[in-house]
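One letter stands for each residue in the lines below.
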Amino acid sequence: MAAVPGAATGAPPLPPPPAFGSRSVADVLPSCAAALGAEGFENTLGLPESVRICLVMVDGLGRTLLSKRTAHTPFLREKLAEGQGAVPAMLDAAFPSTTAASLASLGTGVPPGQHGMVGYDVYAPHLDRVVNQLNGWDPDVDPQRWQPCPTVFERIHPAIPVATVSLPQFEGSAMTRAALRGGEFIGAVSLHARTTAAAEAMAAHPRMLAYFYLNELDKAGHQFGCASAEWEEALEEVDACLRRLDGQLPPGTLVVVIGDHGMVDVPPGRRIDISADPQLTEGVRHTAGEPRMVHLHLECPDGAPAPAPAAVAAVAARWRERFGNQAWILTRAEAIGHGLFGPVVSEAVHPRIGDLIVAVHGDLALYDGRRARPQAFEMVGQHGSWTKAERQVPLVAFSARGRVRGKRQRRG
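### Re the overall build of the protein
Part 1 of the argument: Tallying secondary structure elements over the protein gives 15 helices and 17 strands in all.
Part 2 of the argument: Taking 22 Å as the expected radius of gyration for a compact globule of 412 residues, we find that the protein reaches 21 Å, a close match to that expectation.
Part 3 of the argument: By principal-axis analysis of the C-alpha atoms, the protein measures approximately 75 × 40 × 35 Å.
Part 4 of the argument: The burial tally for the protein puts 59% of its 412 residues in the buried class.
Part 5 of the argument: Contacts in the protein between residues at least 24 apart in sequence constitute 75% of all its contacts with a sequence separation of at least 6.
Part 6 of the argument: Accessible area for the protein stands at about 16,300 Å²; split by element, carbon and sulfur atoms hold 52% of it.
Part 7 of the argument: Here the protein holds 38 positive side-chain charges and 42 negative ones, and the gap between their average locations is 7 Å.

Okay, here's the thing in structure tokens:
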């Protein structure tokens, strides 16, 4: 791997890249498919063979946060104490540690360097503008052309029935079509309704893969912070939901619980508007990414395919002077060489990555006030960078006890 900035600039050494191919979110669905007996997949995570698997994605559930809040998760604590053999208890998120990148890696089984969803906001070279990957998808961007890799759902369905259980507004969304297309979509609003829907769908098939999405924890973290009472209450609801799911699924169903990223809290005084400093925006044509992992796309001379190396070095020097002890500041080549976006970055994805990327550490967030809505500066819990709290997510695997006939289920 190429050398990357680190302690020499006052920042700690950049951590290793995501463990793609051994212990990452990209390895989860291929391992599930293999455990279900589908051909052409490797069970990298060593999941036990099963005829039914329910994959539960808890948006915003970081391993560091979970380990610090075990008093609020009696059910998960019990399952973790039981052990899960050779199945790893921790995974790496995709880089950047954001929902769009991690869910696309989860759905396709490949790193962002191949699927191309390299952030929350991403530069679209053919449009020369920045496009959103979640809630504000650009109408000029076709999700299936933007992310052309087949999903695991598409590859195994209909030989193995597949269902996505999620909020109704995500049915047919651009993000779903890009990253999680394939199989049946079952929409339900409340956690109770989604739990029941997942259990009923699995009971209707002798062999099945269900993907069950929970976003309540992430929403609480963004609004109130992951140190808040509201976040802890949302975590308790997640734990209770998993307990109910354990009692409602067909007995022996393999339940796999993961997160897509962790989270850190950023105080108001550390949410910085970079557009207020001309030294930082000089030579920068577009900013993309997220406040904790900023892509800087630089101005190019007329007719030139890329900015001159001297121009990149000049912008990098100004940013390192301002944030060198608070962020990892890498060129595109350095980020790719370190393997952050995976071992292979396709030709189409290269220009989507910034000429420079700025991944912060500590309690810092960098906004471009020219693009960010005013309410974005109110966000408390954030993620996107490559600190331990953001990049490590849990994996909890257990066999569902199922519904006990003739007995009232213990309420979660």
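### Describing the layout of surface pockets
Part 1 of the argument: Computed from the structure, the largest pocket encloses a volume of approximately 1,500 Å³.
Part 2 of the argument: In this structure, the largest pocket is lined by 48 residues; those nearest its centre are Tyr120, Asn132, Leu134, Asn135 and Met379.
Part 3 of the argument: Going through the elements one at a time, helix 4 (99-108), strand 4 (129-132), strand 5 (162-166), helix 8 (174-179), strand 7 (208-214), helix 10 (216-224), strand 11 (284-290) and strand 15 (365-367) are the ones with two or more residues in the lining of the largest pocket.
Part 4 of the argument: Its residues assigned to classes, the lining of the largest pocket shows 20 nonpolar, 19 polar and nine charged.
Part 5 of the argument: Estimated volume of the second largest pocket: approximately 350 Å³.
Part 6 of the argument: Looking at the second largest pocket, it is lined by 18 residues, and the ones nearest its centre are Cys300, Pro305, Pro307, Arg332 and Asp355.
Part 7 of the argument: Broken down by secondary-structure element, the contributors of at least two residues to the lining of the second largest pocket are strand 11, strand 12 (293-298) and helix 14 (332-337).
Part 8 of the argument: Residues belonging to the lining of the second largest pocket are distributed by class as follows: 10 nonpolar, three polar and five charged.

### Some thoughts on the side chain of Asp239
Part 1 of the argument: Within the secondary structure layout, Asp239 lies in helix 11 (residues 229-248).
Part 2 of the argument: One buried charged residue, Asp239, remains without a salt bridge, the closest side chain of opposite sign being Arg243 at 4.8 Å.
Part 3 of the argument: Beyond its immediate chain neighbours, meaning those up to four positions away, Asp239 contacts His72, Thr73, Pro74, Phe75 and Leu76.

### Quick look at the sheet that holds strand 7
Part 1 of the argument: On the basis of which strands lie adjacent, the open sheet formed by seven strands has the order 2-17-8-1-7-5-6 and mixed pairing. Single-partner strands in this sheet number two, and they are strand 2 (90-92) and strand 6 (184-187). Averaged over all adjacent pairs, the angle separating strand axes in this sheet is 20°, with direction ignored.
Part 2 of the argument: In this structure, strand 1 (residues 52-58) lies alongside strand 8 (residues 254-259), joined through six bridges in parallel fashion. Residue pairing across strands places Ile53 opposite Leu254, the latter belonging to strand 8.
Part 3 of the argument: Relative to the sheet, helix 1 (residues 28-35) contacts strand 1, strand 2, strand 7 and strand 8, its axis offset from that of strand 1 by approximately 165°.

### Focus: unusual backbone geometry
Part 1 of the argument: Put simply, Phe95 and Pro96 share a cis peptide bond, and its omega is -5°.
Part 2 of the argument: Looking at the secondary structure, you find Pro96 in the loop between strand 2 and helix 4.
Part 3 of the argument: Here His157 and Pro158 are connected by a cis peptide whose omega angle stands at 10°.
Part 4 of the argument: For Pro158, the location among the structural elements is in the loop between helix 7 (152-156) and strand 5.

### Here's the deal with the pattern of salt bridges
Part 1 of the argument: Counted by the stated rule, this structure contains 16 salt bridges.
Part 2 of the argument: In this structure, the salt-bridge partner of Glu232 is Arg69, at a minimum N-O distance of 3.2 Å. Placement of the pair is Glu232 in helix 11 and Arg69 in the loop between helix 2 (63-68) and helix 3 (74-82), with a sequence separation of 163 residues.
Part 3 of the argument: On the basis of relative accessibility, which here comes to 12%, the residue Arg69 falls in the buried class.
Part 4 of the argument: Note that Arg285 is salt-bridged to Glu299, the shortest N-O span being 3.4 Å. Note that Arg285 is positioned in strand 11 and Glu299 in the loop between strand 12 and helix 13 (309-323), a separation of 14 residues in sequence.

### Describing helix 13
Part 1 of the argument: For helix 13, with 15 residues, the first-to-last C-alpha span of 21 Å sits near the 21 Å given by 1.5 Å per residue.
Part 2 of the argument: Every buried residue of helix 13 is listed here: Val312, Val315, Ala316, Arg318, Trp319 and Phe323. Taken down its axis, helix 13 places every buried residue within 160° of arc, on the same side. Away from the buried face of helix 13 by more than 90 degrees, exposed residues Pro309, Ala310 and Glu321 are located.

### Describing helix 4
At 3.6 residues per turn, the α-helix brings residues three or four places apart onto the same side.
Part 1 of the argument: Extensive coverage of helix 4 is indicated by the burial of 10 of its 10 residues.
Part 2 of the argument: When helix 4 is considered as a whole, its buried residues turn out to be Thr99, Ala100, Ala101, Ser102, Leu103, Ala104, Ser105, Leu106, Gly107 and Thr108.
Part 3 of the argument: Immediately downstream of helix 4, the backbone of Gly109 shows phi near 80°, a positive value.

### Topic: the nonpolar core
Part 1 of the argument: Of all hydrophobic cores here, the largest spans 68 residues; its most connected members are Leu106, Ile156, Leu209, Tyr211, Ile258 and Leu340.
Part 2 of the argument: Of all the elements, helix 1 adds the most residues to this core, at six residues.
Part 3 of the argument: Look past the residues within four positions of Tyr211 in its chain and what remains in contact with it is Leu55, Met57, Leu103, Leu106, Phe153, Ala163, Thr164, Val165 and Leu180.
Part 4 of the argument: Grouped together as the second largest cluster of nonpolar side chains are 38 residues, Ala198, Ala210, Leu235 and Met263 included.

### Considering the packing of helix 10 against helix 11
Part 1 of the argument: For the pair helix 10 and helix 11, interaxial distance at closest approach is 9 Å and the crossing angle is 175°. Classified by the angle between their axes, helix 10 and helix 11 sit roughly antiparallel to one another. Taken together, the residues of helix 11 that come into contact with helix 10 (itself represented by Glu216, Leu217, Ala220, Gly221 and Phe224) are Glu230, Trp231, Ala234, Leu235 and Val238.
Part 2 of the argument: Along the lines of polarity and charge, the residues of the contact of helix 10 with helix 11 split into seven nonpolar, one polar and two charged.

Rules behind the numbers
Residues numbered from 1 in each chain as written. Predicted model: local features only at pLDDT ≥ 70, side-chain atom pairs only at ≥ 80, totals over all residues. Heavy atoms only, no water. Helix = DSSP H or I, 4+ residues; strand = E, 2+ residues; numbered from the N terminus. Rg over C-alpha atoms; globule rule 2.2 N^0.38 Å. Buried < 20%, exposed > 50% of the residue type's maximum accessible area, 1.4 Å probe, protein only. Contact = heavy atoms within 4.5 Å. Areas by Shrake-Rupley, 256 points an atom, 1.4 Å probe, with all protein chains shown as cover. Lys, Arg positive; Asp, Glu negative; His and termini not counted. Charge placed at Lys NZ, Arg CZ, Asp CG, Glu CD. 1 Å grid on protein atoms, 1.4 Å probe; cavity = no way out; pocket = protein on both sides within 12 Å on 5 of 7 lines; lining within 4 Å. Points joined across faces, edges and corners; volume = space filled by probe spheres on them. Nonpolar A, V, L, I, M, F, W, Y, C, P; charged D, E, K, R; others polar. Salt bridge = Lys/Arg side-chain N within 4 Å of Asp/Glu carboxyl O. Pairing = 2+ DSSP bridges. Axes fitted to C-alpha atoms, helices over the stretch in contact; angles between N-to-C directions. Expected span 1.5 Å × (residues − 1). Arc of directions from axis to C-beta. Core = buried A, V, L, I, M, F, W, Y, C linked by side-chain atoms within 4.5 Å. Parallel < 35°, antiparallel > 145°, perpendicular 65-115°, else oblique.

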